[in-house]
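Residues per chain are reported as follows:
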Protein chains: 6
Amino acid sequence: MSWLPTLQTSTPEEGYELAIKLSRMAVKKTQPDDDARARMRPEYANDADSLIASSHVVAVNFQTVALANNHWRE
Amino acid sequence: MSWLPTLQTSTPEEGYELAIKLSRMAVKKTQPDDDARARMRPEYANDADSLIASSHVVAVNFQTVALANNHWRE
Amino acid sequence: MSWLPTLQTSTPEEGYELAIKLSRMAVKKTQPDDDARARMRPEYANDADSLIASSHVVAVNFQTVALANNHWRE
Amino acid sequence: MSWLPTLQTSTPEEGYELAIKLSRMAVKKTQPDDDARARMRPEYANDADSLIASSHVVAVNFQTVALANNHWRE
Amino acid sequence: MSWLPTLQTSTPEEGYELAIKLSRMAVKKTQPDDDARARMRPEYANDADSLIASSHVVAVNFQTVALANNHWRE
Amino acid sequence: MSWLPTLQTSTPEEGYELAIKLSRMAVKKTQPDDDARARMRPEYANDADSLIASSHVVAVNFQTVALANNHWRE
């Protein structure tokens, strides 16, 4: 089973969750060691600039997912 | 009730508020501790570069919301 | 009266001004204290990297406004 | 006469020049003092990261200008 | 054989892999020395901000690839 | 002869090369001195964050070039 079978989601909220998943997967592909990523977590989770940068990546991925879903227009 | 039931808003201003909400939600998902986020607030709210970076994220999310609303064209 | 009644403008130059307004409003929403923002101004207005970062945000918002106006095509 | 009468240009190269103009104008609007901007120039013109950041802003504005010109498709 | 014969992929997951490839190729074009790139790897793979920045680039390239594939809509 | 006669290319790979050219040209326009740019090269070519930032700019320009070529869809 693929970790990314489709970009289509039922709701905007699920689409946002997918955007977060897309953002994290790129980090995982560059640093596959789970322990290494866990060690960095307290660092960036308590740094405002890192959190803003993370939110930026989610925003870019959410653009992609939203477009893939025609913005969930009714 | 979902925190993000739809990307459609009645007005551009409401769309801008939604873009801010989207920007903050990604931060909250990475740092769910309300106190931790509150502690960082004075830091980035008084740092010009952090504020510019925050505005950048809102701008990206506003692109998404504006497109979802066909730019509120009359 | 809304601060953002519409994304439509008569001219590209007015659209650019609106992009600046959108960029500044996100800063204001995060740091509503006028004095705090004024104190930061000399800092970022004399820092090349801050100015470039500001211009980046305007560029993103101008994309949105230009699209909303069909790029003011004649 | 407006500094930005139109986003349409005759050629891609002129469109690229317009993207540079758009990038610089946002800096000028934030720091209107010509001398202050001139003082910063040697600093960022000799800093690789500042130059990359400047190129990034031009790239975003060029997206806008290129779209406004239908990518100068023949 | 080109390293980039097409932007079309069969699945979203393959598209994501292509976005990673596009992100890395630009680095390789600027720093073609394999050893130099290998030396930098432990540095950025253990730096949260570098990882977030890498994920950002993948997100931008994934927008391009997803659009090229009409978001793999069924 | 213009350095940018068209955004159309025959293949995705040529499009990617054009994106690199667009990214470098903005640097050249800001710092026209060839020697100054050459002096900075070892610095950013051995700095992971600079390389990631460079790749980001290429990604943005590649979006533009890919769109101009209708993503080289067959």
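Since the model is a prediction, treat every value here as computed from it, not as a measurement.

Calculation rules
Residues numbered from 1 in each chain as written. Chains lettered and ligands numbered in written order. Predicted model: local features only at pLDDT ≥ 70, side-chain atom pairs only at ≥ 80, totals over all residues. Heavy atoms only, no water. Helix = DSSP H or I, 4+ residues; strand = E, 2+ residues; numbered from the N terminus. Buried < 20%, exposed > 50% of the residue type's maximum accessible area, 1.4 Å probe, protein only. Areas by Shrake-Rupley, 256 points an atom, 1.4 Å probe, with all protein chains shown as cover. Lys, Arg positive; Asp, Glu negative; His and termini not counted. Charge placed at Lys NZ, Arg CZ, Asp CG, Glu CD. Least-squares fit on C-alpha atoms with pLDDT ≥ 70 in both. Contact = heavy atoms within 4.5 Å. Expected span 1.5 Å × (residues − 1). Arc of directions from axis to C-beta. Polar contact = N/O pair within 3.5 Å; in protein donor to acceptor, adjacent residues only side chain to side chain. Axes fitted to C-alpha atoms, helices over the stretch in contact; angles between N-to-C directions. Parallel < 35°, antiparallel > 145°, perpendicular 65-115°, else oblique. Left-handed = near helix turned anticlockwise from the far one by under 90°. Nonpolar A, V, L, I, M, F, W, Y, C, P; charged D, E, K, R; others polar. Buried area = accessible area lost by both parts, 1.4 Å probe. Salt bridge = Lys/Arg side-chain N within 4 Å of Asp/Glu carboxyl O. Phe/Tyr/Trp six-rings, centres within 6.5 Å; stacked < 30°, edge-to-face > 60°.

**Student:** Requested: an account of the overall build of chain A, with residues and values cited.
**Tutor:** Helix and strand counts for chain A stand at three helices and zero strands. Ordering the α and β elements of chain A from the N terminus gives α-α-α. Taken along its principal axes, the extent of the C-alpha atoms in chain A is 40 × 30 × 15 Å. Looking at chain A residue by residue over its 74 residues, the buried ones come to 57%. When the accessible surface of chain A is totalled, it reaches about 3300 Å², and 51% of it is carbon and sulfur. When the 8 positive and 10 negative side-chain charges of chain A are each reduced to one mean point, those points stand 6 Å apart.

**Student:** An account of the relation of the copies chain B and chain C is needed here, citing residue identities and associated values.
**Tutor:** When chain B is fitted onto chain C, the two copies agree to an RMSD of 0.0 Å after a turn of 60 degrees and an axial shift of 0.0 Å. The relationship between the two copies is best expressed as a six-fold rotation axis. Distance from the rotation axis, computed per C-alpha, reaches its smallest value in chain B at valine 60 of chain B: 6.9 Å. Comparing interface residues between copies, only 18% of those in chain B also sit at the interface in chain C, which points to a heterologous contact through distinct surfaces.

**Student:** Describe helix H2 (residues 34-45) of chain A, and please don't skip the residues or the numbers.
**Tutor:** With twelve residues, H2 of chain A extends 16 Å between its outermost C-alpha atoms, agreeing within 8% with the 16 Å of an ideal straight helix rising 1.5 Å per residue. When we look at burial in H2 of chain A, the residues that qualify are Ala36, Met40, Tyr44 and Ala45 of chain A. Taken down its axis, H2 of chain A places every buried residue within 140 degrees of arc, on the same side. Exposed residues on H2 of chain A whose side chains face more than 90 degrees from its buried face are Asp35, Arg39 and Pro42 of chain A. Residues of H2 of chain A that are buried sit in contact with helix H3 (48-68) of chain A, helix H1 (12-30) and helix H2 (34-45) of chain B together with helix H2 (34-45) and helix H3 (48-68) of chain E. Residue aspartate 33 of chain A occupies the N-cap position of H2 of chain A, its side-chain oxygen lying 2.9 Å from the main-chain nitrogen of aspartate 35 of chain A.

**Student:** Can you tell me about the packing of helix H1 (residues 12-30) of chain A against H3 of chain A, naming the residues and giving the values?
**Tutor:** All names here are of chain A. Remark: H1 packs on H3, axes separated minimally by 8 Å, with the N-to-C direction vectors making an angle of 125 degrees. It follows from the interaxial angle that H1 and H3 lie oblique. Between H1 and H3 lies a crossing of right-handed hand. Contacts between H1 and H3 involve Pro12, Gly15, Tyr16, Leu18, Ala19, Ile20, Leu22 and Ser23 from the former and Val57, Val58, Asn61, Phe62 and Val65 from the latter. Of the residues assigned to the contact of H1 with H3, the class counts are ten nonpolar, three polar and no charged.

**Student:** Please provide a residue-by-residue account of the arrangement of the chains, values included.
**Tutor:** Chain C shows no contact with chain E. Their nearest C-alpha atoms sit 14 Å apart. With no contact formed, the shortest span from any C-alpha in chain D to any C-alpha in chain E equals 12 Å.

**Student:** Any chance you could break down the environment of glycine 15 of chain E for me, citing the residues and the numbers?
**Tutor:** All names here are of chain E. Structurally, glycine 15 can be placed in helix H1 (residues 12-30). Of the residues examined, glycine 15 reaches a relative accessible area of 0% and is grouped as buried. Between the C-alpha atom of glycine 15 and that of tyrosine 44, which follows or precedes it by 29 residues, the distance is 24 Å. Other than its neighbours up to four places away in sequence, glycine 15 contacts Thr9, Phe62, Val65 and Trp72.

**Student:** Explain unusual backbone geometry to me, using residue names and the numbers behind them.
**Tutor:** Of note, the phi angle at asparagine 70 of chain B is positive, near 50 degrees, even though the residue is not glycine. The topology assignment puts asparagine 70 of chain B in the segment after helix H3 (48-68). Residue classification places asparagine 70 of chain B among the partly exposed residues on the basis of a relative accessible area of 43%. Residue tryptophan 72 of chain E is not a glycine yet carries a positive backbone phi of 50 degrees. Mapped onto the elements, tryptophan 72 of chain E comes out in the segment after H3. Residue tryptophan 72 of chain E is classed as buried on the basis of its relative accessible area, which comes to 9%.

**Student:** Lay out the interface of chain A and chain E in plain terms, naming residues and giving numbers.
**Tutor:** Of the residues lining the interface, 32 residues belong to chain A; the matching set on chain E comes to 28 residues. The contact between chain A and chain E buries some 2500 Å² in all, and 61% of this surface belongs to carbon and sulfur atoms. Linking chain A to chain E there are one salt bridge. In this structure, glutamate 17 of chain E engages lysine 29 of chain A in a salt bridge whose closest nitrogen and oxygen atoms are separated by 2.5 Å. Here the element with the most residues in the side of chain A that touches chain E is H3 of chain A; it accounts for eleven residues. In terms of residue class, the side of chain A that touches chain E is made up of 16 nonpolar, 14 polar and two charged.

**Student:** Pulling in residues and values, what's your account of the packing of aromatic side chains?
**Tutor:** What the rule picks out here adds up to 18 aromatic pairs over all chains. Taking 5.4 Å as the distance between ring centres and 70 degrees as the angle between the ring planes, the aromatic pair formed by tyrosine 16 of chain A and phenylalanine 62 of chain A counts as edge-to-face. Separated by 46 residues along the polypeptide, tyrosine 16 of chain A in helix H1 and phenylalanine 62 of chain A in helix H3 bring together distant segments of the chain. Neither residue differs from the other here; tyrosine 16 of chain A and phenylalanine 62 of chain A are each classed as buried. Judged by centre distance (5.9 Å) and plane angle (20 degrees), the rings of phenylalanine 62 of chain F and tryptophan 72 of chain F are stacked. Taken as a pair, phenylalanine 62 of chain F in helix H3 (residues 48-68) and tryptophan 72 of chain F in the segment after H3 lie far apart in primary sequence, ten residues in all. A relative accessible area of 0% means that phenylalanine 62 of chain F is categorised as buried. Members of the aromatic cluster, each reached through a chain of ring pairs, are Trp3 of chain A together with Tyr16, Phe62 and Trp72 of chain E.

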